[in-house]
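Residue-level listing of the chains:
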Amino acid sequence: MKPKVLIANRGEIAVRIMRTCRELGLTSVAVYSDADRDALHVEMADQAFRIGPAQASSSYLSIEAILDAARRAKATLIHPGYGFLSERAHFAEAVGDAGLTFVGPPPRAIEMMGDKAAARRAADASGMPIVPGTPEPVDAKQARKQAERIGFPLLVKAAFGGGGKGMHIVRDAGHLEEALKRGAREAQSYFGRPEVFLERYVDRAHHVEAQILADTQGNVMFLGERDCTVQRRHQKLIEETPSTAIDDTMRQRLADASIALARETGYVNAGTIECIVDEDGDFYFLEMNTRLQVEHTVTEMVTGLDLVALQLEIAMGGSIAGLSVEPRGAAIECRINAEDPGRNFMPGPGRITSYVEPAGPFVRVDAGFGQGREIPGDYDSMFAKLIVSGTDREQARRRMLRALGEYTVEGVPTTIPAHRWVLDTKEFKTGRHTTNWAERALAEADLPAQADLGPSSQTAGEGRPADILVEVDGRRVPVRVFDERRGLAPKPPEAHAAAHQEHVHGEVRAEMQGTIIKVLVEKGQDIRAGEVICILEAMKMENHIAATRDGEVTDLPIRAGQVVETGQVLAVID
């Protein structure tokens, strides 16, 4: 059968994979939830299939629904992208059992490296240095004992997952139990398993990762390193290559250790080995991501290689024996998220009313949304990535500032102001920033809030065509209906309007749409200003909603699991 690739993902990574499929002459198949019915990745695919409601657990995390779509589409390969099911060994196994090819490593390698404790043992066996920590997941009692051995500060980390979810810094014993509970809760929510383990936290460090590629014939290659040190809440904001923290000698040591670990685990396809580099210039293994990384683009920019094309080639039995890797220059990537840095990176889902991408020499944009598209609040807030390259780091930095200045997005807040501020700091220019620098620095940067989200360019009462997508046997057929009676849809509410309103009679309102994860107070309870009322999850981020005044909680119309809208009353304090 002619290869046909189903992309079990959404947004910019689905669009990026489809573009490579198109270049290779391969048919692409999209899957979508109800929240993504009109998404760009659905429009770009050759075929598209609905797989369920907006909740990821019933759509993008539903193995049964995805395999059913693959069967109906007569797909031959499934590419998982990143996130969702990309690092679930049982998904890779189910794909193989269904007679399809999984574009990624074998289930055994995913299972081994997905279990953080097992991954640490594998790294140790291969000769790669590891950060001190617990060999297995821990409960509260074990954690207290192990924390004394490891020492503070330490990290509570989800045992089955990545991306900074379920990860919390603990600087003293008094905060350990709460960090364990929160880490376990997030791990269960994001990865379906609550186990956490402990690891020593290196305070002043760089986050450096190695990109490796391996085929089924035993060839393993190191494609260079990436520096992901600019982080907030353990989430990467800016990535670059090469890293300013390592020299040629350390780069060779990192390459040798990474290749040895890949061989130790029987790894196949693209993978990333993440390490921490301390002030003394030593590196330690953190984890291995058994998938394509968000920041794979900077490696592509300096090597000229298409990593998705190589993934597909390896999955179909190809060899990388003759592959030549010669990185040239430097590249930087900025993640463009629908968040407002001026409001503590508050998520801001909504409709993009105006959108203009930057262009010019050595500028690349990987976007999953555009003008008129709706960024749903059900998933991660990243909707695009801006990547530039230059002959050296300084040229790439200046080029990124120029490109960010050309980037226009209206209707939703973006992280662009934060990127521009970071890139222009002395710490970033000189490469002296560390993993905990950006969070502290941005908190003091006093960036203005993005309250005025521009209105639609259309005027009220103007007729406009309705674009209807009709699904026929798995193929989406666009139909445009012109009806002068159709008026302009109302302007979407400003995501942060509630933040400026006074709390009438002590009302605490939701500043964003989201789901109540946990309610921490009771009706009738006395509370002080600043104490947390509830935890609200929006766009995969936990937000602690605090009391605005001292008093008694006289009304509490919320419960765990409830979905709330922007401006909805969460509590009344009198």
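Everything here concerns the structure above.
Computed from a prediction, not measured in an experiment: that's the story for all the values here.

> Whenever I open this one, helix H6 (residues 116-126) confuses me. Can you help?
One turn of the α-helix equals 3.6 residues, which is why residues spaced by three or four share an orientation. Where burial is concerned, most of H6 is hidden: eight out of the 11 residues are buried. Buried residues of H6: Lys116, Ala117, Ala118, Ala119, Arg120, Ala122, Ala123 and Ser126, and no others. Buried residues in H6 make contact with helix H5 (107-114), strand E6 (154-158), strand E8 (196-200), helix H9 (248-265) and strand E13 (283-289). The opening residue of H6, the one whose side-chain oxygen lies 3.1 Å from the backbone nitrogen of Ala117, is Asp115. Directly beyond the C-terminal end of H6, a positive phi value near 100° is found at Gly127.

> Looking at this model, I keep getting lost on the sheet that holds strand E5 (residues 101-102). Mind explaining?
The strands that make up a sheet are held in pairs by hydrogen bonds between backbone atoms, and each pair lies either parallel or antiparallel. With respect to topology, five strands assemble into an open sheet ordered E3-E2-E1-E4-E5, the strand pairing being parallel. Every interior strand has two partners, whereas the edge strands, strand E3 (47-52) and E5, have only one. Packing of helix H1 (residues 11-24) onto the sheet brings it into contact with strand E1 (4-7), strand E2 (27-33) and strand E4 (77-79), and relative to E1 it is tilted by some 170°. Taken strand by strand, helix H3 (residues 63-73) contacts E1, E2, E3 and E4, and its axis lies near 150° from that of E3.

> Is there a simple way to explain unusual backbone geometry in this structure?
Trans is the common state for peptide bonds, and a negative phi is the common state for residues other than glycine. In this model, Phe152 is joined to Pro153 through a cis peptide bond whose omega is 0°. In this fold, Pro153 is placed in the loop between helix H7 (140-150) and E6. A positive phi is found at His234, a non-glycine position, where the angle reads about 65°. Position of His234 relative to the elements: it lies in the loop between strand E10 (220-232) and strand E11 (235-241). The backbone phi angle of Asn269 is positive, close to 85°, even though this residue is not glycine. Relative to the assigned elements, Asn269 resides in strand E12 (residues 269-277). Classification of Asn269 as buried rests on a relative accessible area of 1%.

> Honestly, the side chain of His296 in this entry has me stumped. Any pointers?
Inspection of the secondary structure puts His296 in helix H10 (residues 296-303). Accessibility expressed as a relative area gives 0% for His296, which makes it buried. Among the polar contacts listed, one links the side chain of His296 to the side chain of Arg16, at a separation of 3.0 Å. Discounting residues that sit within four places of it in the chain, His296 has contacts with Ile13, Arg16, Arg226, Leu307, Arg364 and Lys385.

> I would appreciate a short explanation of a nonpolar patch on the surface in the present structure.
A surface patch of nonpolar side chains, amounting to about 350 Å² of accessible area, comprises Ile468, Val470, Val472, Val477 and Val479. Taken together, the elements giving at least two residues each to the nonpolar patch come down to strand E23 (466-472) and strand E24 (475-481). Here the nonpolar patch gets three residues from one element, more than from any other, and that element is E23. By secondary structure assignment, the location of Val477 is in strand E24.

> When you look at the packing of H5 against H6 in this model, what are you seeing that I'm missing?
A pair of packed helices is characterised by two quantities: the angle between their axes and the separation of those axes. Direction vectors running N to C along H5 and H6 enclose 100°, while the axes themselves pass 5 Å from each other. Relative to H6, the element H5 lies roughly perpendicular. Together, Met112, Met113 and Gly114 of H5 and Lys116, Ala118, Ala119 and Ala122 of H6 make up the contact between the two elements. Residues of the contact of H5 with H6, tallied by class, amount to five nonpolar, one polar and one charged.

> How do you make sense of the sheet that holds strand E21 (residues 382-390) when you look at a structure like this?
Here we have eight strands laid out as an open sheet, ordered E13-E12-E9-E10-E11-E14-E21-E19, and antiparallel in their pairing. Every other strand in the sheet has two partners, leaving E13 and strand E19 (363-367) as the edge strands with one partner each. Averaged over neighbouring strand pairs, the angle between their axes works out to 25° when direction is ignored. Taken strand by strand, helix H13 (residues 416-423) contacts E10, E11 and strand E14 (330-337), and its axis lies near 145° from that of E14.

> Help me understand the pattern of salt bridges, please; the structure alone is not making it clear to me.
Opposite charge on two side chains lets them pair, provided their charged atoms get close. Tallying each qualifying case throughout the model produces 36 salt bridges. Where Glu209 meets Arg226, a salt bridge forms, and the shortest distance between an N and an O atom there is 2.8 Å. Placement of the pair is Glu209 in strand E9 (residues 206-214) and Arg226 in strand E10, with a sequence separation of 17 residues. Here the two residues Glu209 and Arg226 agree in accessibility, since each one is buried. Note that Arg335 is salt-bridged to Glu239, the shortest N-O span being 2.6 Å. Of this pair, Arg335 sits in strand E14 while Glu239 sits in strand E11; the two residues are 96 residues apart in sequence, bridging distant segments of the chain. You can call Arg335 buried: its relative accessible area is 12%. Three or more residues joined by partner-sharing salt bridges are found here, namely Glu209, Arg226, Lys236, Glu239, Glu274, Glu295 and Arg335.

Calculation notes
- Residues numbered from 1 in each chain as written.
- Predicted model: local features only at pLDDT ≥ 70, side-chain atom pairs only at ≥ 80, totals over all residues.
- Heavy atoms only, no water.
- Buried < 20%, exposed > 50% of the residue type's maximum accessible area, 1.4 Å probe, protein only.
- Helix = DSSP H or I, 4+ residues; strand = E, 2+ residues; numbered from the N terminus.
- Contact = heavy atoms within 4.5 Å.
- Polar contact = N/O pair within 3.5 Å; in protein donor to acceptor, adjacent residues only side chain to side chain.
- Pairing = 2+ DSSP bridges.
- Axes fitted to C-alpha atoms, helices over the stretch in contact; angles between N-to-C directions.
- Patch = residues over 30% accessible without salt bridge, like charges linked within 9 Å, V, L, I, M, F, W, Y side chains within 5 Å.
- Areas by Shrake-Rupley, 256 points an atom, 1.4 Å probe, with all protein chains shown as cover.
- Salt bridge = Lys/Arg side-chain N within 4 Å of Asp/Glu carboxyl O.
- Parallel < 35°, antiparallel > 145°, perpendicular 65-115°, else oblique.
- Nonpolar A, V, L, I, M, F, W, Y, C, P; charged D, E, K, R; others polar.

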